[in-house]
Amino acid sequence: MDRVIITGCGAVSAGGFGSDRLFRGELPEQRQVPPISADTTPAAKGLRRLPLPAQWASLASSEALTAAGGVADNHRAGVIVGTNRSSVPPIRTFAADAEANGARLVNPTLFPETVMNAVAGHVAIRFQLRGPTATFSAGRLTGFQALLGAMDLLQTRRLAQALVCGVEPGRPDRADATAYLPGQGAGAVLLERADEAVGQPLAQVEAICQLRTGAAVWDGLRTLDLPRPDEVICPGRLLPAPPWPASDPWEWTGDADGASTLFAVIAGLRSLANGRKRVWVVDTDQRDVAVLVLSAVP
Amino acid sequence: MQRIVITGVGTVTSIGTGVPEFWQNLLAGKHGMAPVVGIDAADLPCQLACEVRYGVPGAPPPPGARDGRATALLAAAINEALAQSGLDLAQAEPVGLCVGTTMGEIGGLEQHLPNLGANVVDPSAITVSIADQFRLTGPAWTITNACAAGNYAIAKAFDDLQAGRARAAVAGGVDVLSWVAFTGFNSLRAMARTRCQPFDKNREGIILGEGAGALVLETAENALARGAAILAEVIGYGLSCDAHHPTQPDPEGMARAMWQALEHTRIRPDEIGYVSAHGTGTPNNDRAEARAMSLVFGARAPHIPISSIKAQIGHTLGAASAIEAITCVQVLQEGMIPATMNLETLDPDCPLDVVPNQPRAGRPRYVLSNAYAFGGNNSSLVLGAWTPS
């Protein structure tokens with residue numbers, strides 16, 4: 001596998017705008033993203049007209065790109081988004097407008113936002129990223145699929161830089177589930193081919209894979225012969241206790257579906273910055289398990 | 001690098017269930033347009049659509065079935081493709097699955113609009129259901145790249161096979177008629193009132209359709225080892241993003257996808273013998289696409305046969321480029337190029353050989369299939385006639 005590094009990260013979460021705010025510890029009960037405007041951060045300028053998922057993705061992407069120092073060739077930089085439900089708020093808005101004004105007079109600016117790949121389009125336009133762009137949906141493993149899809153485009157040299165973003169508006173239909181911690185927001189990382197990188201590496205991607213294991217998650221992962229971690233970051237509570245020191249970013253962010261994996265990756269970057277040599281980010285949807293191996297760069 | 005081939009195709013459209021019926025009706029110039037039945041189109045300027053038949057034996061579930069219509073259409077297409085390929089799924093394990101869609105399984109959601117509650121079904125639900133139904137245990141992807149999703153699904157399957165994650169994969173696209181899309185395209189004034197006329201001077205816009213297309217991709221090594229009949233080869237693809245506008249196309253971005261496809265496949269522009277156009281019938285798309293053709297093919301652009309089948313089956317969104325890839329396979333197999341129907345006066349801004357109104361004999365060696373989507377997503381797929389060497 002050609003060497004791929006992470007050079008920037010960004011987040012919008014219940015803590016607000018900024019990857020450092022993911023880990024503030026004291027978060028609102030509902031884990032909802034607070035209002036973010038151009039008054040609170042210049043990065044939000046010009047975003048107000050967009051649906052919230054597109055705003056959050058743009059903000060998280062802005063932080064990641066700024067940290068990395070931008071892109072070298074915008075024709076070889078693309079946006080890869082993982083999301084399950086970013087189209088839901090725009091669909092709701094569209095339907096409400098049709099109900100209020102009649103289907104014939106619905107606001108024409110609303111419909112383009114109802115397609116799932118609208119978020120990727122807005123991010124690409126805002127930062128002028130003209131390489132291949134894709135949007136993936138895979139339930140709990142949506143964020144992993146976006147990372148996997150980005151890695152494929154980097155490995156085949158169709159991209160030199162991949163801005164990977166997971167974004168979710170939250171799942172109010174599950175807000176009452178006692179075992180469920182609702183979350184929302186957007187997380188972004190910039191992956192670069194090491195041989196064409198612009199930014200300084202925060203971590204190296206040693207491996208990423210997904211396999212069918214059912215419930216036997218850790219046994220299944222052992223078959224992959226991956227280098228052992230110092231820490232495992234497992235979003236959520238569906239995984240059995242791992243055989244290594246573990247942390248759960250849901251404690252800070254709640255379950256934000258497609259964004260959760262990216263929040264977990266950012267947690268992994270923080271662990272590496274704090275002295276860990278290697279971390280695994282792991283998640284499962286009870287059918288497949290996915291793992292991302294990050295290591296410190298010497 | 002592995003050569004990737006197609007060994008089975010399947011489709012469900014408004015002009016036929018199954019590739020033989022679809023292809024026969026396509027060449028006969030038939031269309032599937034009729035007054036819309038499955039959704040409430042009252043008060044909208046356009047009330048026509050190309051729907052898959054309702055209420056007849058073997059028809060898919062009606063709209064509003066929470067777990068039904070899109071999955072059923074795609075399952076039918078995949079059934080046909082797998083049957084044609086003769087692939088033994090148990091022996092070929094793991095077999096991958098790549099599904100492209102725009103609206104996913106939206107029927108249940110739309111029944112409850114504007115309140116949604118627990119009625120939202122993730123787009124990946126189709127993929128999970130199909131994987132379970134057919135026991136496909138390989139990599140499974142759901143790509144929601146709107147009107148280019150089919151091409152993206154084929155490209156993903158291609159990459160999976162090249163990377164050795166599987167020896168075979170099913171790639172396809174599906175979309176059902178949705179109230180959101182129908183009302184939305186009407187709101188954009190992007191729909192024709194009477195018919196879709198790609199590249200015509202007086203074209204008004206799209207007619208929406210629904211359907212599904214599925215292709216079985218394998219490594220050539222696997223296909224040859226089991227004695228499968230190879231229908232065509234997937235040579236490669238190109239992708240780009242306009243980064244220009246959420247809905248308006250950019251010819252430069254379209255051209256870059258075609259250039260990238262040709263560059264990656266090392267196919268010269270003069271080797272392309274047919275282009276399956278995106279050809280939606282909107283003033284902006286068709287003009288931009290013609291400009292993109294000129295940028296890539298130069299003086300040869302007006303002489304390459306290029307046709308859009310959307311005049312006959314409507315714009316099937318996420319299914320479109322999967323069905324168009326199947327059309328390209330048929331072109332390579334049958335030596336007939338489908339027409340662009342409903343053409344009366346060619347737009348002078350679209351100086352192309354659009355194969356007007358009558359299909360034409362032709363056996364190209366390589367074909368190019370283009371699909372473009374909201375968000376500036378551009379895709380170009382290169383397919384070729386199979387030759388062993």
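Residues numbered from 1 in each chain as written. Chains lettered and ligands numbered in written order. Predicted model: local features only at pLDDT ≥ 70, side-chain atom pairs only at ≥ 80, totals over all residues. Heavy atoms only, no water.

Glancing now at the overall build of chain A. Secondary structure assignment for chain A yields 7 helices and 11 strands. A globule of 298 residues ought to have a C-alpha radius of gyration of about 19 Å, and chain A, at 18 Å, matches this closely. C-alpha atoms of chain A, sized along the principal axes, occupy 60 × 45 × 35 Å. Considering only residue pairs separated by 6 or more positions, chain A has 74% of its internal contacts joining residues 24 or more positions apart. With an accessible surface of roughly 10900 Å², chain A has 49% of that area assigned to carbon and sulfur atoms. In chain A, which carries 28 positive and 29 negative side-chain charges, the distance between the mean positions of the two groups comes to 3 Å. (Helix = DSSP H or I, 4+ residues; strand = E, 2+ residues; numbered from the N terminus. Rg over C-alpha atoms; globule rule 2.2 N^0.38 Å. Contact = heavy atoms within 4.5 Å. Areas by Shrake-Rupley, 256 points an atom, 1.4 Å probe, with all protein chains shown as cover. Lys, Arg positive; Asp, Glu negative; His and termini not counted. Charge placed at Lys NZ, Arg CZ, Asp CG, Glu CD.)

What follows concerns the pairing of strand S7 (residues 168-175) of chain B. For a regular strand, the rule is simple: side chains alternate between the two faces of the sheet. All names here are of chain B. Buried residues dominate S7, accounting for 8 of its 8 residues. Neither face of S7 is left uncovered, since the one carrying Ala-168, Val-170, Gly-172 and Val-174 and the one carrying Ala-169, Ala-171, Gly-173 and Asp-175 both have all their residues buried. As paired elements, strand S5 (residues 95-100) and S7 share 6 bridges and run parallel to each other. Looking at the pairing, Gly-96 lines up with Ala-169 of S7. (Buried < 20%, exposed > 50% of the residue type's maximum accessible area, 1.4 Å probe, protein only. Pairing = 2+ DSSP bridges.)

Going through the model one piece at a time under the given rule, you end up with 28 salt bridges over all chains. Note that Arg157(A) and Glu196(A) form a salt bridge whose closest N and O atoms lie 3.7 Å from each other. Of this pair, Arg157(A) sits in the loop between helix H4 (142-155) and strand S5 (161-168) while Glu196(A) sits in the loop between strand S6 (185-193) and strand S7 (203-212), and the two are 39 residues apart along the sequence. With its nearest N and O atoms 2.6 Å apart, the salt bridge here joins Arg3(B) to Glu233(B). Taken together, the positions of Arg3(B) in the segment before strand S1 (4-13) and Glu233(B) in strand S9 (residues 232-241) put the pair 230 residues apart, joining distant regions of the chain. Taking the relative accessible area as the measure of exposure, Glu233(B) reaches 8% and is therefore buried. (Salt bridge = Lys/Arg side-chain N within 4 Å of Asp/Glu carboxyl O.)

Residues at a pLDDT of 70 or more form 93% of chain A, whose mean pLDDT is 90. The weakest mean pLDDT in chain A belongs to helix H6 (residues 250-253) of chain A at 77; the strongest belongs to strand S3 (residues 77-82) of chain A at 98. (pLDDT = per-residue confidence, 0-100.)

To continue, consider the environment of Val52(B). Mapping Val52(B) onto the fold places it in the loop between strand S4 (48-50) and helix H2 (69-85). For the pair formed by Val52(B) and Met33(B), sequence separation is 19 residues and the distance between their alpha carbons is 9.8 Å.

A separate point is the packing of aromatic side chains. A complete count under the given rule lists 9 aromatic pairs over all chains for this structure. Taken together, a centroid distance of 6.2 Å and an interplanar angle of 55 degrees make the contact between Phe94(A) and Phe111(A) tilted. With a gap of 17 residues between them, Phe94(A) in helix H2 (residues 88-101) and Phe111(A) in the loop between H2 and helix H3 (118-127) connect regions that are remote in the sequence. Its relative accessible area of 2% is what places Phe111(A) among the buried residues. Members of the aromatic cluster, joined through ring pairs, are Phe94(A), Phe111(A), Trp179(B), Phe185(B) and Phe374(B). In this arrangement the basic side chain of Lys156(B) is found over the ring face of Trp141(B), its NZ or CZ atom lying 4.4 Å from the centre. (Phe/Tyr/Trp six-rings, centres within 6.5 Å; stacked < 30°, edge-to-face > 60°. Lys NZ or Arg CZ within 6 Å of the ring centre and 35° of its normal.)

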